[in-house]
Amino acid sequence: MEVRMITLQKSSMNPCRITACIGYFDGLHLGHQRLIHEVVHNAAKHHSAPALITFDPDPWVTLRGMNDPAHLTTMKDRILIAERMGIQQFLILDFTKEMAALDIDEFHALLEQNGVIRLICGHDFHYGRYGSGSVQTLQKQDAFSVSVIDPVMYEDVRISSTRIEQLIQAGDVAQASILLGRFYFLRGTVDRGFRRGTTMHFPTANLRMSDNYLLPKKGVYAGFASVQGQCYEAMINVGNNPTFANDDISIEANLFNFDEMIYDEPITFYFVRFVRDEKRFESKEDLIWQLKTDKEHIRGMFEENPLWKDELLCV
């Protein structure tokens, strides 16, 4: 049974003894971040390394036969964000049918064998065969100590990955960013696209994703694009470009105050605010007029909200 150990930082603590949180952690939202803060604090207190235990692939791939489900974050994203918060080790459990079939005691033994001396988890964490393990069974074993964290609420509703997914699919990236603790992002490389924007004097960077991120609702967004180590204000479009009757969804951004060739460069799009729904225009001229209007509107939004750039966490 494979367990991958990734050491992110050198630690003065005992690397063979870890205090860890456990879960899939898609999005690493504010609820997950509460667990990480507890881990970092407790690890320092107990002279152990702060760690995060997670699973790969997504358990639903193994348990429900889902094929490459869309996610809020990739494993790489989660590792980068967690490291910034002080996590020093990642334990990635290979979630096979064998892993899913472990009984409760076998799962406890697996954690103990990998150095866990203290486990911090959410109130609804389940594990083991048929999800028979719970926080109650964790608290009954004596191989390591266990702390259970209450759910983190926002507007009297529990923060969850599912809630954030629903907001993003509805285009409410502003509310999603509150629950995530950062702007939602898509990561990939710059594709060549159709080069239509260049002919209209609105050159765009087309995003080619190698990972299956959850896509925001179709439409135009105010956001940022991070490329070559710099972040630029941007107008981002998600959709089929109905004026040109594209079959596939494209994600492209017009970067403000930017004029360089960046094909095949790594790029990240950050979604700050939804501006308008996607629509079909009767002519190329009508589309150009709308693009100019959108760009001026988005420039005005950035001028009115200078703190957006300060809030930008470039991951």
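Fair warning: this is a prediction, and the values are worked out from it, not measured in the lab.

Would you explain the sheet that holds strand 9 (residues 184-191) in this entry?
The strands that make up a sheet are held in pairs by hydrogen bonds between backbone atoms, and each pair lies either parallel or antiparallel. Ordered in space as 9-10-13-12-11-14, the six strands form a closed barrel in which the pairing is antiparallel. Strand after strand, the sheet turns through a mean of 45° between neighbouring axes, direction not considered. Note that strand 10 (residues 205-208) and strand 13 (residues 250-255) share two bridges and pair antiparallel. Its bridge partner lying in strand 13, alanine 205 is registered against alanine 253. Across the sheet, helix 10 (residues 284-304) touches strand 11 (219-227), strand 12 (230-239), strand 13 and strand 14 (266-276), and the angle it forms with strand 11 is around 65°.

What is the right way to read the packing of aromatic side chains from this model?
Counted by the stated rule, this structure contains 10 aromatic pairs. Geometrically, the ring pair formed by phenylalanine 55 and phenylalanine 95 is edge-to-face, given 5.6 Å between the ring centres and 90° between the ring planes. Note that phenylalanine 55 is positioned in strand 3 (residues 48-56) and phenylalanine 95 in the loop between strand 4 (89-94) and helix 4 (97-100), a separation of 40 residues in sequence. The same class applies to phenylalanine 55 and to phenylalanine 95, which are both buried. Of the aromatic side chains, those joined through ring pairs into one cluster are Phe183, Phe224, Phe302 and Trp308. Directly above the aromatic system of tryptophan 60 lies the positively charged group of arginine 64, at a separation of 3.7 Å from the ring centroid.

Sorry, what's going on with the side chain of lysine 295 here?
Counting through the fold element by element, lysine 295 comes out in helix 10. Glutamate 296 is the oppositely charged side chain nearest to the buried, salt-bridge-free lysine 295, at an N-O distance of 6.9 Å. Excluding residues within four positions of it along the chain, lysine 295 makes contact with Phe202, Met235, Asn254 and Phe256.

Sorry, what's going on with a nonpolar patch on the surface here?
A surface patch of nonpolar side chains, about 280 Å² in accessible area, is lined by Trp60, Leu63 and Met66. Structurally, the position occupied by leucine 63 is in helix 2 (residues 59-64).

Just to check I follow, could you spell out the pairing of strand 5 (residues 116-122) for this structure?
For a regular strand, side-chain orientation follows a simple rule: the groups alternate between the two sheet faces. Most of strand 5 is tucked away, with six of its seven residues classed as buried. Note that the unit made of strand 5, helix 6 (residues 135-140) and strand 6 (residues 145-149) has a crossover that is right-handed.

Would you mind showing me how to read a negative patch on the surface here?
Judged by side-chain charge, Glu98, Asp103, Asp105 and Glu106 come together as a negatively charged surface patch. Residue position: aspartate 105 is located in helix 5 (residues 104-113). Here aspartate 105 falls in the exposed class, since its relative accessible area comes to 58%.

Is there a simple way to explain helix 7 (residues 161-169) in this structure?
Turn by turn, an α-helix covers 3.6 residues, leaving residues three or four places apart pointing in a common direction. Every buried residue of helix 7 is accounted for by Ser161, Arg163, Ile164, Leu167 and Ile168. Summarising the axial view, the buried residues of helix 7 lie within an arc of 160°, below the 170-degree limit, and thus occupy one face. Here the buried face of helix 7 lies against helix 1 (30-45), strand 7 (153-154), strand 8 (157-158), helix 8 (173-180) and strand 9. Immediately downstream of helix 7, the backbone of glycine 171 shows phi near 85°, a positive value.

What counts, and at which threshold
- In this convention, every chain numbers its residues from 1, walking through the sequence in written order.
- Owing to the predicted nature of the model, reporting of local features is limited to residues with pLDDT of at least 70; listing and counting of side-chain atom pairs is limited to 80 or more, with chain, interface and lining totals taken over all residues.
- The basis for every side-chain value is the complete set of non-hydrogen atoms in the structure, without hydrogens or water.
- Whether two strands pair depends on DSSP finding at least two bridges between them.
- Helix and strand assignments come from DSSP, with helices taken as H or I runs of at least 4 residues and strands as E runs of at least 2, each series counted from the N terminus.
- Each axis is a line fitted through C-alpha atoms, and for a helix only the stretch in contact is used; angles between axes span 0 to 180 degrees, taken between their N-to-C directions.
- Contacts were defined at the residue level, with two residues in contact if any of their heavy atoms lie within 4.5 Å.
- In this scheme Phe, Tyr and Trp rings, the latter by its six-membered ring, pair at centre separations within 6.5 Å, and the angle between planes marks the pair as stacked below 30 degrees, edge-to-face above 60, and tilted otherwise.
- Whether a residue is buried, partly exposed or exposed follows from its accessible area with a 1.4 Å probe, protein chains only, as a fraction of its type maximum: under 20%, in between, or over 50%, in that order.
- Charge-over-ring contacts are defined here by two conditions on Lys NZ or Arg CZ: a distance within 6 Å of the ring centre and an angle within 35 degrees of the ring normal.
- Positive charge is attributed to Lys and Arg, negative charge to Asp and Glu, and no charge count is given to His or to the chain ends.
- Between Lys or Arg on one side and Asp or Glu on the other, a salt bridge is scored when a side-chain nitrogen of the former is within 4 Å of a carboxyl oxygen of the latter.
- Each patch is built from residues that are more than 30% exposed by relative accessible area and take part in no salt bridge. Like charges join if they lie within 9 Å; nonpolar side chains (Val, Leu, Ile, Met, Phe, Trp, Tyr) join within 5 Å.
- Areas reported here follow the Shrake-Rupley algorithm with a probe of radius 1.4 Å; residue values treat only the protein chains shown as occluding.
- A clockwise path from the first strand over the helix to the second, with the strands pointing away from the viewer, defines a right-handed crossover.
- Here the site of a charge means atom NZ of a Lys, CZ of an Arg, CG of an Asp or CD of a Glu.
- Note that the arc is computed from the directions linking the helix axis to the C-beta atoms.

Honestly, it's all geometry; don't read function into it.
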